[in-house]
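Close look at the chain arrangement
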Amino acid sequence: MTAYVITVPGTFLRTLDADSRAALLRALLPADPQHTALGEAEELDRLTVNEGGTFSIRLEIEADNRRSAEAEAKEVAVAALTEAGFSTDDAPLGAAFVTGIDSEY
């Protein structure tokens, strides 16, 4: 197994208020990329929100390969957004991609 740092981009089509942001960050906590050497060195945040509502979610995912890690990251992001009160229509996601690999090799 390899630990991947995966970025999932998206856009909030409705306002992310303080309560929703806190709920989203809580839901993402188990996959916080700060637990990896890359995440700690790069000071990667779980959630970055830009002007215009675009955002990036960064997650640590353990998987056998890149494709599995990207798929799992998208599932984790959707579940966290749902827990925070956002449907896939409220916060559509783009394609997940590898930001870094924290391998023991």
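In what follows, the structure referred to is the one given above.
Now for a quick tour of the structure. Remember, it's a predicted structure, so these values are computed and weren't measured experimentally.

**Side note on the packing of helix H1 (residues 18-28) against helix H3 (residues 66-83)**
For the pair H1 and H3, interaxial distance at closest approach is 8 Å and the crossing angle is 145 degrees. Relative to H3, the crossing made by H1 is right-handed. Contact with H1, carried on its side by Leu24, Ala27 and Leu28, involves Val76, Ala80, Leu81 and Glu83 of H3 and no other residues of that element.

**What about H1?**
What H1 keeps buried is the set Ser20, Ala23, Leu24, Ala27 and Leu28. The buried residues of H1 all sit within an arc of 130 degrees when viewed along its axis, so they share a single face. The exposed residues of H1 that point more than 90 degrees off its buried face are Ala18, Asp19 and Arg26. Its buried side turned inward, H1 meets strand S2 (47-49), strand S3 (54-63) and H3.

What counts and how
Residues numbered from 1 in each chain as written. Predicted model: local features only at pLDDT ≥ 70, side-chain atom pairs only at ≥ 80, totals over all residues. Heavy atoms only, no water. Axes fitted to C-alpha atoms, helices over the stretch in contact; angles between N-to-C directions. Helix = DSSP H or I, 4+ residues; strand = E, 2+ residues; numbered from the N terminus. Left-handed = near helix turned anticlockwise from the far one by under 90°. Contact = heavy atoms within 4.5 Å. Buried < 20%, exposed > 50% of the residue type's maximum accessible area, 1.4 Å probe, protein only. Arc of directions from axis to C-beta.

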